[in-house]
Amino acid sequence: MSASCRPRRAPAQVLLLGATGLVGGCCLQLLKARPEVARVWAPLRHDSLAADDKVTALPFDFDDAAAYATLPEVDAVFCCLGQPLDRLDQRDALFRVDYQYPIQVARRYQGTLDAFSIVTSVGISRWSPLYYCRVKARLERDLRDLDLAALHLFQPSLLLGDRDSPHPWQHWFQGRLGPRRSWFRGPLARFRPVGAETLAQAMVGLWLRGEPGLSRLYAPRMETLARELG
Ligand SMILES: NC(=O)c1ccc[n+]([C@@H]2O[C@H](COP(=O)([O-])OP(=O)(O)OC[C@H]3O[C@@H](n4cnc5c(N)ncnc54)[C@H](OP(=O)(O)O)[C@@H]3O)[C@@H](O)[C@H]2O)c1
């Protein structure tokens, strides 16, 4: 651990975006179980979270710019929002979910947070032919310009995990590449498929370490952090 890390000890208030999704759901379970977490606030567009002692679901209109100022004061934000894979061709919706909502939350909290942790994607670039990759790259660039004590950018390749209704494309790749993860070594290691649970453990683990500044993480470091968190 670097000398400047300040491991999280005091109970924290955490905001979790995307708590109903695959990665967000894993984060929710991990955060709930941690003694370092006093409360998880989960802004949701649907009333879709079971009540819990430690979790507060916040009905939230992500398209209402004024609503962001009403979000509670927290110590850390975990963002696992994402446009569903079967709707990546809907550019307006993708831009809102994968750029506007996260950046508005980050702006709301800049200067006040210990850490802002977010899932983007491997292979993103402002010059990518894929709109999805350009949007995620723009988000990362604009997040870096904000006053955030720690910015943790997680860039997974294919995510592995059980979904209620997996997209056929996702199901196909998961079935083919999941069992062949060991093929992704050396320069290909960052493209190794990673379990949603592993990614969530890495997100929570890095925050608990209190690593400051900008961190960009690919599959190998996610796996290491997940092992450390146990
Ligand atoms: N799947 C992959 O292989 C892969 C690979 C690389 C990166 N990623 C990135 O990883 C992140 C997490 O992926 P995931 O597979 O865990 O996503 P997911 O299971 O599809 O969950 C997405 C979350 O975003 C929320 N959301 C979607 N549209 C919304 C909207 N219009 N307004 C408010 N909330 C909305 C969903 O809430 P609702 O329950 O309300 O729909 C859900 O909580 C995403 O940013 C994704 O781009 C995924």
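(A) Here's a closer look at the overall build of the protein chain. A tally of regular secondary structure across the protein chain gives six helices and nine strands. Expected size for 230 residues packed as a compact globule is a radius of gyration near 17 Å; at 17 Å, the protein chain falls within 12% of this value. Its C-alpha atoms give the protein chain principal-axis dimensions of roughly 40 × 40 × 35 Å. By the burial criterion, 50% of the 230 residues in the protein chain qualify as buried. Considering only contacts within the protein chain whose residues lie at least 6 apart along the sequence, 69% involve residues at least 24 apart. Accessible area of the protein chain: about 11400 Å², with a carbon and sulfur share of 50%. Positive and negative side-chain charges in the protein chain, numbering 30 and 24 respectively, have mean positions lying 8 Å apart.

(B) Main features of the state of the cysteines. A full pass over the atoms with the stated rule returns zero disulfides. Cys80 supplies the cysteine sulfur nearest to Cys27, a cysteine that is in no disulfide, at a spacing of 4.0 Å. Cys133 carries a free sulfur, and the closest cysteine sulfur to it, the one in Cys79, is 17 Å from it. For Cys133, a relative accessible area of 8% puts it in the buried group.

(C) Expanded view of helix 3 (residues 131–144). For helix 3, which comprises 14 residues, the first-to-last C-alpha distance of 20 Å matches the rise-based estimate of 20 Å (1.5 Å per residue) to within 8%. Listing the buried residues of helix 3 in full gives Cys133, Val135, Lys136, Ala137, Leu139, Glu140, Asp142 and Leu143.

(D) Broad picture of the nonpolar core. One finds Val23, Leu31, Phe78, Met203 and Trp207 to be the most contacted residues of the largest nonpolar core, which totals 38 residues. Among the elements of the structure, strand 1 (12–17), helix 1 (22–33), strand 2 (37–44), strand 4 (76–79), strand 5 (115–119), strand 6 (150–154), helix 5 (196–209) and helix 6 (219–229) are those that each provide at least two residues to this core. Element by element, the count of residues in this core is highest for helix 5, at nine residues. With near-sequence residues (within four places) excluded, Trp207 lies in contact with Arg8, Ala12, Val14, Leu31, Glu36, Val37, Ala76, Phe78, Ala115 and His152. Counting residues in each nonpolar core, the second largest holds 32 residues, with Leu17, Trp41, Leu58 and Leu151 among its members.

(E) Representation of helix 2 (residues 91–109). With 19 residues, helix 2 extends 26 Å between its outermost C-alpha atoms, agreeing within 8% with the 27 Å of an ideal straight helix rising 1.5 Å per residue. Where helix 2 bends most, the angle comes to about 30 degrees, and this point is Val97. Just downstream of helix 2, Gly111 is the residue with a positive phi angle, here 85 degrees.

(F) Inspection of the environment of Ile124 at higher detail. On the secondary structure map, Ile124 appears in the loop between strand 5 and helix 3. Separated by 37 residues in sequence, Ile124 and Gly161 place their C-alpha atoms 22 Å apart. The residues contacting Ile124, other than those within four sequence positions of it, are Cys133, Lys136, Ala137, Glu140 and Gln155.

(G) Molecular detail of the site of the ligand. Around the ligand, a shell composed of 25 residues is seen, among which Thr20, Arg45, Leu81, Lys136 and Arg163 lie nearest. In this structure, Leu159 approaches the ligand through a main-chain N or O atom, which is 2.9 Å from an oxygen atom. Between the ligand and Gln170, the relevant distance is 3.0 Å, taken from a nitrogen atom to a side-chain nitrogen or oxygen of the residue. Within the complex, 85% of the 900 Å² of free accessible area of the ligand lies under protein. At the level of secondary structure, the elements contributing two or more residues to the shell around the ligand comprise helix 1, helix 2 and helix 3. Split into classes, the residues belonging to the shell around the ligand amount to 12 nonpolar, nine polar and four charged.

Rules and cut-offs
- Sequence order as written defines the numbering, with residues in each chain counted from 1.
- In keeping with the predicted nature of the model, local features appear solely for residues at pLDDT of at least 70, side-chain atom pairs appear and are counted solely at 80 or more, and the whole-chain, interface and lining totals rest on all residues.
- The side-chain numbers reported here are obtained from all heavy atoms of the structure, hydrogens and water having been left aside.
- Per the convention used, a helix needs a DSSP run of H or I reaching at least four residues, while a strand needs a run of E reaching at least two, with both numbered from the N terminus.
- Computation of the radius of gyration draws on C-alpha atoms, with the globule rule given as 2.2 Å multiplied by the number of residues to the power 0.38.
- Note on classification: 1.4 Å probe, protein chains only; a residue is buried when its accessible area is under 20% of the maximum for its type, exposed when over 50%, partly exposed between these limits.
- Two residues form a contact once any of their heavy atoms are found within 4.5 Å.
- Here the open area of atoms and residues is found with the Shrake-Rupley method and a 1.4 Å probe, where only the protein chains shown may cover a residue.
- Positive residues here are Lys and Arg, negative ones are Asp and Glu, while His and the chain termini are left out of the count.
- By convention, the charge on Lys lies at NZ, on Arg at CZ, on Asp at CG and on Glu at CD.
- The term disulfide is used for any two cysteine sulfur atoms that are within 2.5 Å.
- In this analysis, the expected span of each helix is defined as 1.5 Å times one less than the number of residues it contains.
- For our purposes a nonpolar core is just a set of buried Ala, Val, Leu, Ile, Met, Phe, Trp, Tyr and Cys residues, chained together by side-chain atoms within 4.5 Å.
- Here the bend at a residue is taken as the angle between two axes, fitted respectively to the seven residues that end there and the seven that start there.
- When we say a residue is near a molecule or strand, we mean one of its heavy atoms is within 4 Å of it.
- Polar contact criterion, stated in full: a pair of N or O atoms within 3.5 Å, where within protein one must be able to donate a hydrogen and the other to accept it, and residues adjacent in sequence count only if both atoms are side-chain atoms.
- In this classification, the charged set is Asp, Glu, Lys and Arg, the nonpolar set is Ala, Val, Leu, Ile, Met, Phe, Trp, Tyr, Cys and Pro, and all remaining amino acids, among them Gly, are polar.

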